Amino acid sequence: MMDQNGMYAEEYGENGYMEQEEEWEREGLLDPAWEKQQKKTFTAWCNSHLRKAGTAIESIEDDFRNGLKLMLLLEVISGETLPKPDRGKMRFHKIANVNKALDFIASKGVKLVSIGAEEIVDGNLKMTLGMIWTIILRFAIQDISVEEMTAKEGLLLWCQRKTAPYKNVNVQNFHLSFKDGLAFCALIHRHRPDLIDYSRLSKDNPLENLNTAFDVAEKYLDIPRMLDPDDLINTPKPDERAIMTYVSCYYHAFQGAQQAETAANRICKVLKVNQENERLMEEYERLASDLLEWIRRTMPWLASRHSDSTLAGVQKKLEEYRTYRRKHKPPRVEQKAKLETNFNTLQTKLRLSNRPAYMPTEGKMVSDIANAWKNLELAEKAFEEWLLAETMRLERLEHLAQKFKHKADTHEEWTRGKEEMLQSQDYRSCRLYELKALKKKHEAFESDLAAHQDRVEQIAAIAQELNTLEYHDCVTVNARCQRICDQWDRLGALTQRRRQALDDSERVLEKIDLLHLEFAKRAAPFNNWLDGAREDLVDMFIVHTMEEIQGLITAHDQFKATLGEADKEYNLIVGLVRDVEGLVNQYQIANGLENPYTTLTSRDLTAKWSDVKTLVPARDQTLAMELKKQQNNEMLRRQFAEKANNVGPWIEKQMDAVSAIGMSISGSLEEQLNRLKEYEQAVYAYKPHIEELEKIHQAVQESMIFENRYTNYTMETLRVGWEQLLTSINRNINEVENQILTRDSKGITQEQLTEFRSSFNHFDKNRTGRLAPEEFKSCLVSIGYSIGKDRQGELDFQRILAVVDPNSTGYVQFDAFLDFMTRENTDTDTAEQVIDSFRILASDKPYILPDELRRELPPDQAEYCIQRMPPYKGPGAVPGALDYMSFSTALYGESDL
């Protein structure tokens, strides 16, 4: 309830009524039409009270001049006795009497600025009207209270509620809304429907409506005619003070019905809280079901390890996972935070309204959701690790498959025609030198065959590794490898048989061309070296670090250092060919240029040598490009590390700061809330750094960078830290808002909250936000609780502990501690109060009828009660009777609500 001066300060400023004459004019008291209405209304109002003392006034500015009737009026309306008046007729006697009246008014907390006894004694109409209006405000209107509003607002709200069901009535003020008279008739009909037939009234007949209301009020309600219908109709804007004075008489006349309205208000308040709680419960169930269903649908996808065993397929899955983390999961993180916030808010409201704690349906507890969320995050981590490992494995497999194909192609090209050559019977028709040439040629082939043994072993080893790593096309690889090995065995057998045949024929064939033999001996290994060099120069490679590429570059530099010796060998071999050509030309040897010991020619070696010299700079360029790539990868590692090493400590610092605010006892809760929201804004403002880090991380992954020695932070740990920071801020904001809600709804002062927090923090040595039982007992003792050390004291403490730790967790959280202290220091609604309120509405009957609920409560809350109240089965029950006692008890006990 407002203080006694609040009404007047609101109406007329801090200094009360009429600080100066300009205020009179601004307030409209100088308007002749309003002055006339006020004079008539105030005179009638005064007479309605003076008649109780057997007297009346005729002229309001004259009959109060001697102060006698003014003092009598104040005694009648206040029920108190004023000092004995002076009976003399002198001016100073009159002033003394008026001053006694004004002093009595002032003693009631009313400020009378610019109103003096001399003006009243002199018959100043303006001052007299102002004084009477002040009396009316203090003794007729101030005590009107509707939902803790000011008197004027409360009276207006009372009129709006009472006239809400009536057609053509819309009360928005105390002047124009009452001009047509329907509002007055509606007020009478609402409380006494037997006095007026409202359905016969028309908005087009304001004079008839006003006269009807005034006549009925005077005749049946003992409310005199204080207003003139013609004045109300003909004045553009009737005086609101006159109408307020008259309407206040209606309010007091129906004061008995007002008790029922107060009871209805209490019921409305209780039902409104219950309806809001049910809405929050339904919303929690909906959000929890939706989130758990989404997690249930997502888990099989994250648990799947099926792929088409191709690099492109796994990279597609990796991109789908990134899309999931960027687009699909963030809204669910927000949904989870909202779910926890709604749950905490609901539990706080239930505690504040003295309702049982809310228990979600099975499987939808906050702990169930937290466990499901934790399993989801574990599945995400395992899925991402599998994708990265699978990518590395398939990349390795692709590299091995290409290497296998290249070596197999080279080998099959080399073996083409070798079986036919080894099976040939050409040596049977050769001359001696030709046979010796065939033998030397075969020896060169054996040397070449031995040199190719290493390549065949490499092909078999690569095939074996592809099988070990489960290459998707192992069948084709194995078949080709088997063909190569079978052919290699056949070549070995054929080589042995041909050598045996040549040895058998060697006894007849003796001559040999030394030069061709020397060429063959030198050309074959040089040719193998050329083939090996060409293979090495075109060999594909894959590296992940600077050290690996530097190793390849070093090996290539070492290879280039051997090119000088190779050039000498090449010139020596070509020199042998020139020597042969010279001998053939000198001695005209038939077919002398044909080398019987080898199929190699100088043109072959020249072509391969030229090819090697061309491939060397190409290899230089390839290695340089790879070096640049690895340098770029190194730069990405450093960029990510530099950003991560800034973001990680920043997140940890913000987590510590938010926790410190949550445990702080300095400043008001609003200041803590503002600081938390400032941190929240700062965190959201920092989000571009996270997004920039995500972009760098994506570039790192696209570049196949899997390790970073420059930082201990990974993108996953930073993501989790970021989400935990947002969750911590939202949780702390929610806790502070709940503390504010507790303080405001229960009347707890900031000093009390600070004392509670300070005491709690003092015994919370480890800053865990909870107390052990012994710490809690010490905390209670520190704030004034007397807990004895005997058996009774221990029983009392165990009773308190059962309240603050109903689940026997072994710890007392701060919100439970605050709730306990709030209940110990404040009062709440009880079932008995609600039952008493329903008993007033039911006119002391043990049951209530649906029509009574619909008449006294708003439509939605009336239907809410009718649907949930059980039928009354006690003595004297009538059809449709409802049991409000059981319903009220259920609101505060175990029920389906």
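Mind showing me how you'd approach empty space enclosed by the protein here?
Leftover empty space is mapped by rolling, across the atoms, a probe with the size of a water molecule. Here the structure, examined in full by the defined rule, presents two cavities of 30 Å³ or more. There is about 40 Å³ of room inside the second largest cavity. Every residue along the wall of the second largest cavity is listed here: Gln 37, Lys 40, Thr 41, Met 226, Leu 227, Asp 228, Asp 231 and Leu 232. Here the lining of the second largest cavity takes three residues from helix H3 (residues 32-50), the largest share from any one element.

Help me understand helix H7 (residues 125-141), please; the structure alone is not making it clear to me.
Note that an α-helix has 3.6 residues per turn; residues three or four places apart therefore point the same way. With 17 residues, H7 extends 22 Å from end C-alpha to end C-alpha; this agrees with the ideal 24 Å at 1.5 Å per step. Along H7, 16 of the 17 residues are buried, which leaves the element largely enclosed by surrounding structure.

Just to check I follow, could you spell out the packing of aromatic side chains for this structure?
For any pair of aromatic rings, geometry is given as the distance between the ring centres together with the angle between the planes. Within this structure, the stated rule accounts for 31 aromatic pairs. Ring centres of Tyr 166 and Tyr 198 lie 4.9 Å apart, and the angle between their planes is 70°; on these two criteria the pair is classed as edge-to-face. With Tyr 166 in the loop between helix H8 (151-163) and helix H9 (182-191) and Tyr 198 in the loop between H9 and helix H10 (206-220), this residue pair connects regions lying 32 residues apart in the sequence. Exposure class is identical for Tyr 166 and Tyr 198. Each is buried. When the ring of Phe 838 is compared with that of Tyr 884, the centres are 5.8 Å apart and the planes differ by 25°; the resulting orientation is stacked. Separated by 46 residues along the polypeptide, Phe 838 in helix H31 (residues 831-841) and Tyr 884 in helix H34 (residues 884-891) bring together distant segments of the chain. Relative accessible area serves as the criterion here: at 1%, Phe 838 is assigned to the buried category. Chaining the aromatic ring pairs together yields one cluster made of Phe 174, Phe 178, Phe 184, Phe 214, Tyr 246, Tyr 250 and Phe 254.

What is the right way to read the environment of Leu 201 from this model?
Inspection of the secondary structure assignment puts Leu 201 in the loop between H9 and H10. Taking the C-alpha atoms as reference points, Leu 201 and Cys 185, separated by 16 residues in sequence, lie 8.7 Å from one another. Among residues more than four places away in sequence, those in contact with Leu 201 are Leu 182, Cys 185, Ile 196 and Asn 209.

Parameters at a glance
- Residues numbered from 1 in each chain as written.
- Predicted model: local features only at pLDDT ≥ 70, side-chain atom pairs only at ≥ 80, totals over all residues.
- Heavy atoms only, no water.
- 1 Å grid on protein atoms, 1.4 Å probe; cavity = no way out; pocket = protein on both sides within 12 Å on 5 of 7 lines; lining within 4 Å.
- Points joined across faces, edges and corners; volume = space filled by probe spheres on them.
- Helix = DSSP H or I, 4+ residues; strand = E, 2+ residues; numbered from the N terminus.
- Expected span 1.5 Å × (residues − 1).
- Buried < 20%, exposed > 50% of the residue type's maximum accessible area, 1.4 Å probe, protein only.
- Phe/Tyr/Trp six-rings, centres within 6.5 Å; stacked < 30°, edge-to-face > 60°.
- Contact = heavy atoms within 4.5 Å.

Shape descriptors only; they carry no functional weight alone.
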